[in-house]
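Listed below, chain by chain, are the residues.
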Amino acid sequence: MAPMDNVDVIVLGTGAAGMTAALAAHESGASVALIERGSRIGGTSAISGGVIWVADNPRMRAAGMADSREDALAYFRSLNHGDLVDETLEAFVDSGPEALEFLEGIEALKVAVLPGYPDYYLDRPGAKPEGSRALDHDLFALGELGDWAARIYAIEEPKPLMLRETPLGGATEMPPMEVLGQRMAARQCGFGQAMVARLLKACLSRGIEPLLGVETHRLIKEGERINGIEGLRDGQPFALTARRGVVIATGGFEWDEDLRQTFLRGPVTAPASPPTARGEGLSLAMAAGAKLGNMTSAWWAPTLVTPDAPWASGEQRAQIILIERTVPHSIMVNRSAKRFCNEAANYSALGGVFHQFDPANYDYLNLPAYLIFDAQYAARYPLGTRQPGQPIPDWVMRGDTIEALAEQIGLDAATLAETVARFNAHAEAGHDPDFGRGTSAYDHFYGDRSRQGTAVTLGAIREAPFYAVQIHSGLLGTNGGPRTDGQGRVLGHDGAPIPGLLGAGNAIACPTGGIYAGAGGTLGPALTFGYLAGRTAALANG
Ligand SMILES: Cc1cc2nc3c(=O)[nH]c(=O)nc-3n(C[C@H](O)[C@H](O)[C@H](O)COP(=O)(O)OP(=O)(O)OC[C@H]3O[C@@H](n4cnc5c(N)ncnc54)[C@H](O)[C@@H]3O)c2cc1C
């Protein structure tokens, strides 16, 4: 890469949003500096499922699947609780397909429809039960990246398969071990790893080499215009000028305890994202006078802390749990040993129940929460990284009776026994009159597909030993931050764009508000606004 002290566009952050912005700016004729705070590339995007939700996307069109702008807008608007802004929502719906065409056209993405993955709110107008809006990645061979492959975040944990080949993506079983072994040897990966790797390759092949380890302390201003960054690299002062604009794509703020406590609407005890999302972009935007939006909300998700597998940098690590709370022979209970939700509901909406407040006790009703399961479950289903049939880890609580398990957890034994007995009676009758588990097609997606009807998700908890793990109020990332217009320009308090400042991804107020439309509901807007912000920055007057 040529030495730089000034470029047209600076992009902060090497996740999906940042690399897309860098590519869009470059293809619009700008010179680009892609800046990363850490020593690794890809942030949350690299460890994600990589699924991308875009309505009326090019893959759907190619397959002759019907969708429209009107359906997509009707769907979002039916879910609106005041968090949607017409301009940004419409920009996402209108430009999402174009952003994907752009990325596929420059080989920065290779995607296919994730078959059968339904939208999350199937009773709403414009929802697609057949799942055509969610896209999955083809495999990528890491050798194509040379030495840069080792710079991808958590690449030491390779995912040699595509989401659509796994139960998480709707398949009934995993690819054979032999196939996985061959792919490991060929260093092939899928999921978010393939997405980040392809984006990175497209950047590198255009001479955009990420500059790692840059701490940005301040945005530089010339008059009213943001025109650079200032900070440290390797402990030495670092400054770079951007003639046209700076794009903030630094991810969310969930790993900054102070920001989390200040803004989010309820407790978050275990984020599933990596500790790269520290809200630095938010702080830079606030200092520049940005108007904020969506700050109380996040991509909520129940999580499970895996104490035996922390992040490489030492922080506590948590897994999103999907299959675990959907398959039969399991329930979730709260501090009162009572069920409190349809356990199989979509993860983001489910976040709300963890924030239910009890005015009588001045405390959260459903925290702490626990997943309770039995020996049938242990034999057949996974738990975090533990596969079916493997030994149950030491940190899982167990008891020979439900009462003994309750004692282990510290719950009232009689109440837990009553809760389990009630659930069992209903499960055996094939219904859940308390919370309607098993009534929606979504409830079946992560269930046991070898079964029929509601038995996909409902099954009695009867066989000893009985087990419990704590379930946390977690998230996949925050989705509040500086508000932008429909071109990705950050707005000031007066509602006018701050000249030279743009944003995309979890670093900004998401154009879909807090609405997780379906699988891929965060990466769809991140890529779209990365595309818009990068292109807008490049075309700004210098
Ligand atoms: C387990 C898991 C699975 C998920 N699966 C999906 C899925 O399948 N589909 C979906 O839509 N969403 C999914 N999500 C959510 C999704 O991954 C995120 O919403 C998305 O990746 C955010 O992208 P981003 O580019 O905004 O941020 P990130 O991918 O987090 O990238 C931000 C980058 O900016 C860097 N950075 C931070 N501060 C600075 C700074 N000051 N200067 C420069 N760089 C900085 C970070 O180090 C990081 O590399 C998942 C999340 C998790 C945790």
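Rules and cut-offs
- Sequence order as written defines residue numbering, which begins from 1 separately in each chain.
- Reporting in this predicted model follows two pLDDT cut-offs: at least 70 for local features of residues, and 80 or more for side-chain atom pairs to be given and counted; totals over whole chains, interfaces and linings ignore these cut-offs and use all residues.
- Water and hydrogen atoms play no part in the side-chain values, which are based on all heavy atoms of the structure.
- DSSP-based pairing: two strands are paired if at least 2 bridges between them are found.
- Elements are defined by DSSP. Helices are runs of H or I of four residues or more, strands are runs of E of two residues or more, and each kind is numbered from the N terminus.
- Here a residue counts as near a molecule or strand whenever at least one of its heavy atoms sits within 4 Å of it.
- We define a polar contact as two N or O atoms separated by no more than 3.5 Å, with the added condition that, inside protein, one atom must be a possible hydrogen donor and the other a possible acceptor, whereas residues neighbouring each other in sequence contribute only through side-chain atom pairs.
- A 1.4 Å probe and the Shrake-Rupley method give the accessible areas. Residues count as covered only by the protein chains that appear here.
- Throughout, exposure labels follow a simple rule: accessible area from a 1.4 Å probe, protein chains only, divided by the maximum for the residue type, with under 20% read as buried, over 50% as exposed, and the rest as partly exposed.
- In what follows, salt bridge is the name for a side-chain nitrogen of Lys or Arg lying within 4 Å of a carboxyl oxygen of Asp or Glu.
- The domain limits used here are those given by an automatic or database domain assignment.
- Working rule for contacts: check all heavy atoms of both residues, and any pair within 4.5 Å makes them a contact.
- Accessible area that two parts lose when put together, evaluated with a 1.4 Å probe and summed over both, is termed the buried area.
- Side-chain classes are defined by residue name, with Ala, Val, Leu, Ile, Met, Phe, Trp, Tyr, Cys and Pro counting as nonpolar, Asp, Glu, Lys and Arg as charged, and the others, Gly among them, as polar.
- Fitting a line to C-alpha atoms yields each axis, with helices limited to the stretch in contact; the angle taken between N-to-C directions then spans 0 to 180 degrees.
- When an angle is under 35 degrees it counts as roughly parallel; over 145 it counts as roughly antiparallel; between 65 and 115 it counts as roughly perpendicular; any other value is oblique.
- For any pair of crossing helices, the crossing counts as left-handed if the nearer helix is rotated counterclockwise from the farther one by less than a right angle, and right-handed if it is rotated clockwise.
- Here the expected span of a helix is defined as 1.5 Å times the quantity of residues minus one.
- The bend at a residue is defined as the angle formed between two axes, one fitted to the seven residues ending at that residue and one fitted to the seven starting there.
- Between 30 and 60 degrees the pair is tilted, below 30 it is stacked and above 60 it is edge-to-face, where a pair is any two Phe, Tyr or Trp rings, Trp via its six-membered ring, whose centres lie within 6.5 Å.

### Overview of the sheet that holds strand β4 (residues 111-113)
In spatial order, the strands read β3-β5-β4; together these three strands make up an open sheet with antiparallel pairing. On the outer flanks of this sheet lie β3 (52-53) and β4, each paired with one strand and no other. Here β3 runs beside strand β5 (residues 134-137); their pairing, made up of two bridges, is antiparallel. Paired with Trp53 across the two strands is Ala134, which belongs to β5.

### Section: the site of the ligand
For the ligand, the set of nearby residues contains 32 residues, the closest of which are Glu36, Ser45, Glu280, Thr522 and Leu523. Contact between the ligand and Gly13: a nitrogen atom at 3.4 Å from a main-chain N or O atom of the residue. In the model, a nitrogen atom of the ligand is placed 2.7 Å from a nitrogen or oxygen of the Glu280 side chain. Here the ligand loses 95% of its free accessible area of 1000 Å² to cover by the protein chains. Elements with a minimum of two residues in the shell around the ligand: α1 (16-27) and α2 (43-47).

### What to know about the pairing of strand β17 (residues 369-373)
For β17, the tally of buried residues reaches five of five residues, placing the bulk of the element in the interior. What you see with β17 is no split at all: Ala369, Leu371 and Phe373 on one side and Tyr370 and Ile372 on the other are buried throughout. Where strand β14 (residues 330-333) meets β17, four bridges bridge the pair, whose relative direction is antiparallel. Bridged to Ile331 within β17 is Ile372. Bridging between β17 and strand β19 (residues 466-478) involves five bridges; their strand directions are antiparallel. The residue bridging Ile372 from the neighbouring strand is Ala468, located in β19.

### What to know about the pattern of salt bridges
Evaluation of the coordinates by the stated rule reveals 34 salt bridges. Where Arg40 meets Glu156, a salt bridge forms, and the shortest distance between an N and an O atom there is 2.4 Å. Note that Arg40 is positioned in the loop between β2 (32-35) and α2 and Glu156 in the loop between β6 (140-141) and α6 (177-185), a separation of 116 residues in sequence. Note that Glu165 is salt-bridged to Arg183, the shortest N-O span being 2.8 Å.

### Let's talk about the domain arrangement of the protein
When its domains are assigned, the protein resolves into domain 1 (6-215 + 479-539) and domain 2 (300-475). In this structure, domain 1 and domain 2 have C-alpha centres spaced 31 Å apart. With 15 residues of domain 1 in contact, the opposing surface of domain 2 contributes 15 residues. When domain 1 packs against domain 2, the two sides together hide about 1300 Å² of surface, and 62% of this comes from carbon and sulfur. It is Tyr117, Tyr120 and Leu168 in domain 1 that bury the most area against domain 2; as a group they hold 32% of the surface buried on that side. If you look at where domain 1 meets domain 2, you find one salt bridge. For Arg317, the salt bridge identified is with Glu157, shortest N-O distance 2.8 Å. Across the contact surface, domain 1 and domain 2 share five residue pairs in polar contact (both at pLDDT 80 or more). Tallied by class, the residues present in the side of domain 1 that touches domain 2 amount to ten nonpolar, four polar and one charged.

### Regarding the packing of helix α4 (residues 69-78) against helix α5 (residues 86-105)
Helices that pack against each other are described as a pair by the angle of their axes relative to one another and the distance between those axes. Put simply, α4 and α5 touch, their axes get as near as 10 Å, and they point 140 degrees apart. In terms of their interaxial angle, α4 and α5 are classed as oblique. Here α4 and α5 pass one another in a crossing that is right-handed. Here Arg69, Ala72, Leu73, Phe76 and Arg77 of α4 lie close against α5, whose contacting residues are Asp86, Leu89, Glu90, Phe92, Val93 and Asp94. Of the residues contributing to the contact of α4 with α5, the split by class is six nonpolar, no polar and five charged.

### Here's the deal with α5
Taking 1.5 Å per residue as the helical rise, α5 with its 20 residues ought to reach 28 Å, and the 29 Å between its terminal C-alpha atoms agrees with that figure. At Ser95, α5 is bent by approximately 45 degrees, the largest bend along its length, and proline Pro97 sits one to four residues beyond. One or two residues past the end of α5 sits Glu107, with phi positive at roughly 60 degrees.

### Some points on the environment of Pro97
Considering the arrangement of structural elements, one finds Pro97 in helix α5. Residue Pro97 is classed as buried on the basis of its relative accessible area of 5%. The sequence separation of Pro97 and Glu130 amounts to 33 residues, and the corresponding C-alpha distance is 19 Å. Sequence-distant contacts of Pro97, that is, excluding residues within four places in its chain, are made with Val54, Ala55, Asp56, Pro58 and Arg61.

### Topic: the packing of aromatic side chains
Counting across every chain of the model gives 24 aromatic pairs. Consider the rings of Phe102 and Tyr531, whose centres lie 5.1 Å apart with planes at 40 degrees: the pair is tilted. Remark: Tyr531 occurs in helix α16 (residues 523-539) and Phe102 occurs in helix α5; sequence separation between them is 429 residues. Here Phe102 matches Tyr531 in class, with each residue buried.

### Looking at α1
End to end, α1 covers 16 Å across twelve residues, agreeing with the expected 16 Å (1.5 Å per residue, within 8%). Of all twelve residues making up α1, ten are buried, and the element is well covered by its neighbours. Among the residues of α1, those classed as buried are Ala16, Ala17, Gly18, Met19, Thr20, Ala21, Ala22, Leu23, Ala24 and Ala25. At the C-terminal side of α1, Gly29 shows a positive phi close to 100 degrees.

### A short note on the environment of Leu122
Locating Leu122 in the fold gives a position in the loop between β4 and β5. Sequence separation of Leu122 and Ser440 is 318 residues, and the distance between their C-alpha atoms is 7.8 Å. Not counting residues within four places of it along the chain, the set of residues in contact with Leu122 comprises Ala127, Lys128, Pro129, Ser440, Ala441 and Tyr442.

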